[in-house]
Amino acid sequence: MLHALLAIIATLIHIALIFGLAPLLIGIVTKARARLLGRTGPPFLQPYRDLAKLLRKTALIPDTATQFYKIWPFITLSATAVTALLVPSFSFGLITAPLSDFITLIGLFATARGATMLAGLETGFGFGGAGAARDALFSLFTEAALLVLVLTFVLIAHSPTVDGIGTQFRDGHIGLSVSLGFALAAMLCVALTETGRIPVDNPAGHLELGMVHEAMLLEYSGRYLAMFHYAAALRLIIWVSLISAIFLPFGLANSADILSWPGGLILWGLKLIIGAFALAAFEVATAKMRVFRVPEFLGVALLLGILSSVFLFVATKLGGS
Amino acid sequence: MVCYIRVVNQYLALSIGLPGHGLHLAYDPLALLFLAILTPQIIATALGPDRKSVAYWLFVAGMVLAVLAAEAFPLLLGFELMSAASWLLVLRGDRKPATLYAGVAMFSGACILPALFLPPGGIAFTLILLGAGAKAGLAPLHAWLPRAHPAPSAGVSALMSGGMVKVALYILIRYGFIVMGGAAQPWWGTALIIAGAASVLIGSLRAMLEVELKTILACSTVEHVGLIAVGLGIALRAKALGDPSLAALALQGALLCAIAHGLFKPLLFLGAGAVKHATSTTSLDWLGGLIRGMPKLGGLMLAGCFGMAALPLGPGFAPEFLLLHAVINAANTGEIISRIGFTALLAILGLAAALALGAAVRIIGIGFLGRPRSLRAAAAEEADRPVLFGMGLLAVLCVPVALFPGMILLFLNPVINQLIPDAEQPPLGYAPAPLALLLLLAAGASYAILKRYGTKAEREVHAFNGGFGKPPAWLPFGDPITQATGTGFAEPVQRALGRAILGPKTIDPGELYVLDPLRRLNVQFTRAAERVRRATIRQRLAFVFMALVLFLAALGFVQGT
């Protein structure tokens, strides 16, 4: 009973933090990037101001939009929000933990992506269609790579849920292995693609021909654009939390043990900041790829994912005999 | 004619004809399951204009007879009746694929007929796999399906894609698991998995690249048949290797996939028929913006595409989830080669899932959203009420499969116990009902926040379109060619993946390596026959004389030894 109550409280803190901090993380990345480039950059809280401003602006509905124009942002945001509820942040053992099967997570990402692609095709103009077509192309490789990674995780942790995988990796003395190294590299490639960062896509880009995610939102404005932007912010914090929960699970709290919460919270905050700075440094150091180089980049991710499970098979074979 | 009911092997049986010499029909859980899969689509398609045709009812009768057959003869009778009637229906739609279809139907009949009377074993299973696989559209014998299934009217297409392929898979299940279950070998499952994986890959890729709506749906059927075959193959292999819980998991996925596909695919085919009726084309490159004129049809098609894309909370996700977990479990143990194989299979399934999403987005986004690409698309009117009613029925039936797959799995328990006697069903790790609740909460919360903190102001303006100006008055929807077409939307995928798998000309490997050689062989045989027919009297006499000499020589040789 007490455990359930604690889990509920932990989940509520998780909800408050992950939904509250999502725009801040974007702010940190933007600021860090600007500083690394020698600019002052916008203040950390700029994304909140942008969202508030968009909420207050009149929404301009294109005359070629259909009845479904207003539904896609809701689907994208809700599916991303449900994903945010399932991914552990500062603590394992949230009440949503049993639902957090990795394959469900992949499906929810796909739902959000599908709704955004339809939003791009909605008004029937070239840039949205091109963005959606490119997103469809990238998603092929990210989904395949993610599924192969799920295999590696499930084989090591014997649990299909993100919560179980993270708990196993924290407590199970997994140690460093070649297989997990490959898996981390593949996961990072997938995360960069899914969150639409350089080298795959540029969130700060202004050239329509090179945009992917932003191109699909060109016809959206006002509060509907705010929903898409907020969903993108959520996606970034989800991916940083997901990667840190799987690959850097040390220090994550248990929901049943209230004394471990402060440590978990501080470490999660630190991991988010480190993740944001690492992302900013990587983005400054690399150039955006041409669209048709991206399948090669993601093909490498898929290959690394397959290699990570193959190494695991070889290791168990050698260990077993 | 006598008709009586008796109990055979615990299940009720019905015999028609003389005692001991009649048609024996029986129903057991497996037959009932497939009857349950067939019923909604038969009702939904019978609401349309097809119900006036005799061939349609013969087709339905053939399917039902094949499923209810208790022995080889009625099974074959039903199967052939189904093939012949559907051939007539295809012929009525389009002459060219009808010949191809008749050839494939004869091939599968010719494979299944001897297999039914052979002793259980490898040869019999191979023949069943070839015959049922060809009928179901399993690679490499799938190339006929995307040609023949779109040819007849919408209702028949729906029934062929949703029902007929299931009957072929039913025969595969019946013989692979029950009749020949004792003699099962692991390689049977492996063969089925490989054929299934190839179908999944080719089917989903072609579904993404094709332009005709009905062809897209037929290619997606190839993909789903492949998914079901992968599940059946894993189950067959695990059963032969003595792992009943994995077999049960894979079988759950395969059967649930058959149920879900039997609901959303006929729905989509009926919708494609309505689109054809309204615009006289099904080519995505001539459609666009249909949802304005046909909002109800658009909503139903969206529901169907939601299932086809295997997204969470849709009917297609639970089977996909079970199948992926079955593959992960299968990769958990065994020889290193098979484990690497299952890893590759997982990558293929991931690729196919993303391609299915792309194909579904393409149907809705290009066909129903955006601006009209032709005047007919702009003037499309809502579909007829019976069609909408049939589609609505199928969509409503999708809801329990989508939201309560655990309950459907309970109904599947007897079937799984019948196919794998000592199986214990693993619990389902995917709970859509709480997920749906969370999703509703999230949507409600975002709506409330928008209402509380946002303005409600809205203004209709000309689309931004990268800064281009308003189109002239004589182009009410702007220039149609300035929006992405079906071909254009698929171009990146074609460039990155299509060329590698289908070649630069996008020719299906099943066509290139199976149908084309057969066609060439056909031409050669025809030429040879023609040469014999045109022979002069002297050549014919010489031929007869040579045959006589050879015969006598052979006779003498045999006598001599």
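Thresholds applied
- Residues numbered from 1 in each chain as written.
- Chains lettered and ligands numbered in written order.
- Predicted model: local features only at pLDDT ≥ 70, side-chain atom pairs only at ≥ 80, totals over all residues.
- Helix = DSSP H or I, 4+ residues; strand = E, 2+ residues; numbered from the N terminus.
- Rg over C-alpha atoms; globule rule 2.2 N^0.38 Å.
- Buried ≥ 20, exposed ≤ 12 C-beta atoms within 10 Å, placed from the backbone.
- Contact = placed C-beta atoms within 7 Å.
- Nonpolar A, V, L, I, M, F, W, Y, C, P; charged D, E, K, R; others polar.
- Pairing = 2+ DSSP bridges.
- Core = buried A, V, L, I, M, F, W, Y, C linked by C-beta atoms within 7 Å.
- Axes fitted to C-alpha atoms, helices over the stretch in contact; angles between N-to-C directions.
- Parallel < 35°, antiparallel > 145°, perpendicular 65-115°, else oblique.
- Left-handed = near helix turned anticlockwise from the far one by under 90°.
- Expected span 1.5 Å × (residues − 1).
- Bend = angle between axes of the 7 residues up to and from the residue.

Asker: Tell me what's going on with the overall build of chain B, and back it up with residues and numbers.
Answerer: In terms of regular secondary structure, chain B is built from 21 helices and 4 strands. By the compact-globule yardstick of 24 Å for 561 residues, chain B fits well, its C-alpha radius of gyration being 26 Å. If one aligns the C-alpha atoms of chain B with their principal axes, the spans along those axes are about 105 × 65 × 55 Å. Across the 561 residues that make up chain B, the buried fraction comes to 54%.

Asker: Give a description of the interface of chain A and chain B that names residues and reports values.
Answerer: The interface is formed by 69 residues belonging to chain A together with 72 residues belonging to chain B. Tallying contributions element by element places helix α5 (residues 126–157) of chain A first for the side of chain A that touches chain B, with 20 residues. Among the residues forming the side of chain A that touches chain B, the class breakdown is 44 nonpolar, 15 polar and 10 charged. Pairing of strand β1 (residues 59–62) of chain A with strand β4 (residues 458–461) of chain B, which is carried by 4 bridges, proceeds in the parallel orientation. For L60 of chain A, the partnering residue across the bridge sits in β4 of chain B and is R459 of chain B.

Asker: Quick rundown of unusual backbone geometry? Include the residues and the values.
Answerer: Geometrically, the link from I198 of chain A to P199 of chain A is a cis peptide bond, its omega value of 10 degrees lying close to zero. Assignment of secondary structure puts P199 of chain A in the loop between α7 (178–194) and α8 (213–216). The amide bond that connects A139 of chain B to the next residue, P140 of chain B, takes the cis arrangement and shows omega of 5 degrees. Despite not being glycine, A310 of chain B has its phi angle at roughly 55 degrees, a positive value.

Asker: Talk me through the nonpolar core; I want residue IDs and the actual numbers.
Answerer: Counting 314 residues, the largest nonpolar core has L25, A145 and L147 of chain A together with V327 and A356 of chain B as the members making the most contacts within it. Those residues in contact with L147 of chain A that lie beyond four places of it in its chain are I106 of chain A together with L324, L346, A347, L349 and G350 of chain B.

Asker: Report on the packing of helix α3 (residues 72–93) of chain B against helix α7 (residues 154–179) of chain B, specifying residues and quantitative values.
Answerer: Residue and element names in this part refer to chain B. Running from amino to carboxyl end, α3 crosses α7 at an angle of 160 degrees, the nearest separation of the two axes being 12 Å. It follows from the interaxial angle that α3 and α7 lie roughly antiparallel. Both α3 and α7 take part in a crossing whose hand is left-handed. Where α3 abuts α7, its residues M82, S86 and L89 lie against V156, M160, M164 and V167. When the residues that make up the contact of α3 with α7 are grouped by side-chain class, the tally is 6 nonpolar, 1 polar and no charged.

Asker: Kindly report on helix α10 (residues 244–279) of chain B, identifying the contributing residues and their values.
Answerer: Residue and element names in this part refer to chain B. Compared with an ideal rise of 1.5 Å per residue, which puts 36 residues at 52 Å, α10 spans 51 Å between its outermost C-alpha atoms and is within 8% of the ideal. Along its length, α10 shows its largest kink, about 25 degrees, at H261. Most of α10 is tucked away, with 32 of its 36 residues classed as buried. Just downstream of α10, S280 is the residue with a positive phi angle, here 60 degrees.

Everything listed here is a matter of coordinates, which is why it stays silent on function.
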